[in-house]
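Commentary on secondary and tertiary structure
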Amino acid sequence: MTPAQRQRVITFMQVHQSLDEALERLEEARDTLNESYAATPHGLMPKTLVLDGEATATMEASLEEAIATMRGVHGPDVRLVGASERRRGAETLLELRFERPQIQVLAS
């Protein structure tokens, strides 16, 4: 092996080691982020419930519980039509948008 080939192998190993260390730091950062997300009470993200364009409540519950609550309060025909993440200061919450079915009245 020539000195140039040897140096190339050494450089490759050093870069490889640096990448392994960077990946380890990224995995630690991801784990820290996931832990902070789960640190909310019961590990659930707060949810803002919006019905027909108006915010009705904010709750910390599972998605299924939030849907069941809306249907229990506003009727079984209420349907989930959208969801998006929102920031409120340092807090992240999930906005759930619901709609009531449109009722058409026939004129006689």
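Up top you'll find the structure we're talking about.
As the structure is a prediction and not an experimental result, all values here were calculated from the model.

**A short note on the pairing of strand E1 (residues 47-51)**
E1 sits mainly inside the fold: five of its five residues count as buried. Relative to strand E2 (residues 54-59), E1 runs antiparallel, the two being bridged by five bridges. Counted as the bridge partner of Lys-47 is Met-59 from E2. Linking two consecutive strands that pair antiparallel, namely E1 and E2, is a turn of two residues; a positive phi of about 50° is found at Asp-52 within it. Bridge count between E1 and strand E4 (residues 91-99): five bridges; the pairing is parallel. What sits directly across from Leu-49, in E4, is Leu-96.

The rules behind these values
- Residues numbered from 1 in each chain as written.
- Predicted model: local features only at pLDDT ≥ 70, side-chain atom pairs only at ≥ 80, totals over all residues.
- Heavy atoms only, no water.
- Buried < 20%, exposed > 50% of the residue type's maximum accessible area, 1.4 Å probe, protein only.
- Helix = DSSP H or I, 4+ residues; strand = E, 2+ residues; numbered from the N terminus.
- Pairing = 2+ DSSP bridges.

Fair warning: the whole summary comes from geometry, so function is off the table for now.
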